[in-house]
Amino acid sequence: MKQTFYSNGKLLITGEYLVLDGAKAFALPTKLGQNLIIEKGPKKEIIWKSYDADKSIWFEDSISFSDILNERNSESESVKSTLIAILHEAFILNPDFITLSEGYAITTELGFPKSWGLGTSSTLINNIAQWLQIDAFTLLKNSFGGSGYDIACAQNDTPILYHLEQGKPIVEKVIFNPIFTENIYFVYLNKKQSSKNAIASYNINKKNNLARTIVLNDKTTFEVLKATTLKSFALAIEKHEAEMSIILEMQTVKESLFPDFNGVVKSLGAWGGDFVMAITTENPNEYFASKGFGTIIPYGEMILS
C-alpha cells in the first residue's frame, strides 16, 4: 500500500542565528514543499529515489537495513551517509520500521528547486517523522541539529512565532496578513549557504552581551509582526538587519550587493546565500535582473496564507 506524506518549506524572517539561543523568531511556511512516498520493497533494503522540482532525479541509491542499524557508510558528508544517519536515528526512535519490514521503495518529490534552500532537509525529516510516528524535533536534534523553526514551518500552514525554552520548541501560530504584502518580494541569490558553517561562524562571533541582544531581537520581531504600515515594517526590518550585522561582523546584504536599491533588503536565514527579502514600492524585477538575479517571487506566490 502506497503512503504519501507532505511538509511545507520555510523562510526565516527574523531571529536568524539568535533563535539557537532562545530568541523569538518569526517564520513563514512556503506554498512549495516536499512529498515522501513510501511503498513496499524486497531484500531488507530501501530503494531510494529523489526528484528535483523539474522532475529530474538528483539522488538514487539503495540502502541496506544493516547499514541503517549500524550507521555504516564509508563516504563522509555524502547524500547517502546523511540519509543513513537520519534513518539510523529514526530507527532508535521507532525500530519497527526495520524489524517488521521486508524492505521499501521510497520516493521524494521536491516542489521547489533543491538549490533554493527552502528546506530540502527539514521537509524530509518532518516527512520521515510523520511516516514513522515519531517526534520530528527530536529526529532533527539527533541528526542534523539546528533550532527547529524549519520543522515548525513544515508542520504549520500559517505564519509562526518560534523559540526554544530550555531546549524545547515553543510554536505559536500568528496572524500576519498586512495590506502591504504586495510590496514584499523574495529574491534568490543563486548561492547555497551552508547552515552548519554559518552557525559555526555565529558561535565564534556572538558577543558576551547575548541576553541584551536577544531582548532587542524579540522587541524588533514584535515590531515586524505588528507593523500596520509599509514604512513601519521596513524600518523594523532594517533595524533587525543592522543589529545582526554588528553581531556577525558582516556587511548587510544591501551594503554588499544592492547599495543603490530603492528600498530595504534583508538576508533570510544564513547570511550570504539562498533568498533575501526585498521591500519596495516599485516593481523590483528590472533592478535585480540587471544585477544578475533573475528569480524574483512576489510574497503572494511564495507564502502560505
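Use the structure listed above.
All of the points below concern the structure found in this document. (Residues numbered from 1 in each chain as written. Predicted model: local features only at pLDDT ≥ 70, side-chain atom pairs only at ≥ 80, totals over all residues. Heavy atoms only, no water.)

## A look at the overall build of the protein chain
Moving on, step 1. Summing up its helical and strand segments, the protein chain has 12 helices and 11 strands in all.
Moving on, step 2. At 20 Å, the protein chain has a C-alpha radius of gyration in line with the 19 Å of a compact globule built from 305 residues.
Moving on, step 3. With the principal axes as the frame, the protein chain shows a C-alpha extent of 60 × 40 × 35 Å.
Moving on, step 4. The buried share among the 305 residues of the protein chain stands at 53%. (Helix = DSSP H or I, 4+ residues; strand = E, 2+ residues; numbered from the N terminus. Rg over C-alpha atoms; globule rule 2.2 N^0.38 Å. Buried < 20%, exposed > 50% of the residue type's maximum accessible area, 1.4 Å probe, protein only.)

## Some words on unusual backbone geometry
Moving on, step 1. One non-glycine residue, Lys 43, lies in the positive phi region at around 65°.
Moving on, step 2. Within the secondary structure, Lys 43 sits in the loop between strand 2 (25-40) and strand 3 (45-51).

## Considering the pairing of strand 6 (residues 160-165)
Moving on, step 1. Burial analysis of strand 6 places 5 of its 6 residues in the buried class, the great majority of the element.
Moving on, step 2. In this sheet, strand 7 (residues 168-173) lies alongside strand 6 in antiparallel orientation, the contact comprising 6 bridges. Directly across from Glu 165, in strand 7, lies its bridge partner Lys 168.
Moving on, step 3. Counted between consecutive antiparallel strands, the loop separating strand 6 from strand 7 contains 2 residues, among which Gln 166 sits at a positive phi close to 50°. (Pairing = 2+ DSSP bridges.)

## What about the pairing of strand 3?
Moving on, step 1. Pairing of strand 3 with strand 4 (residues 57-64), which is carried by 7 bridges, proceeds in the antiparallel orientation. Each bridged residue has a counterpart across the sheet, and for Ile 46 the counterpart in strand 4 is Ile 63.
Moving on, step 2. Linking strand 3 to strand 4, which pair antiparallel, is a turn of 5 residues; within it Lys 55 sits at a positive phi near 75°.
Moving on, step 3. Sheet topology places strand 3 next to strand 5 (residues 104-110); 6 bridges connect them, and they run parallel. Bridge pairing links Trp 48 to Ile 106 in strand 5.

## With respect to the sheet that holds strand 9 (residues 264-267)
Moving on, step 1. Within the open sheet, the 4 strands sit side by side as 9-10-8-11. Their pairing is antiparallel. Strands at the two margins of the open sheet, each flanked by one partner only, are strand 9 and strand 11 (296-298). Strand-to-strand twist in this sheet, taken as the mean axis angle between neighbours without regard to direction, amounts to 25°.
Moving on, step 2. Contacts between helix 9 (residues 230-248) and the sheet are confined to strand 8 (184-188), strand 9 and strand 10 (275-279), with strand 9 contributing the most and set at about 45° to the helix. (Axes fitted to C-alpha atoms, helices over the stretch in contact; angles between N-to-C directions. Contact = heavy atoms within 4.5 Å.)

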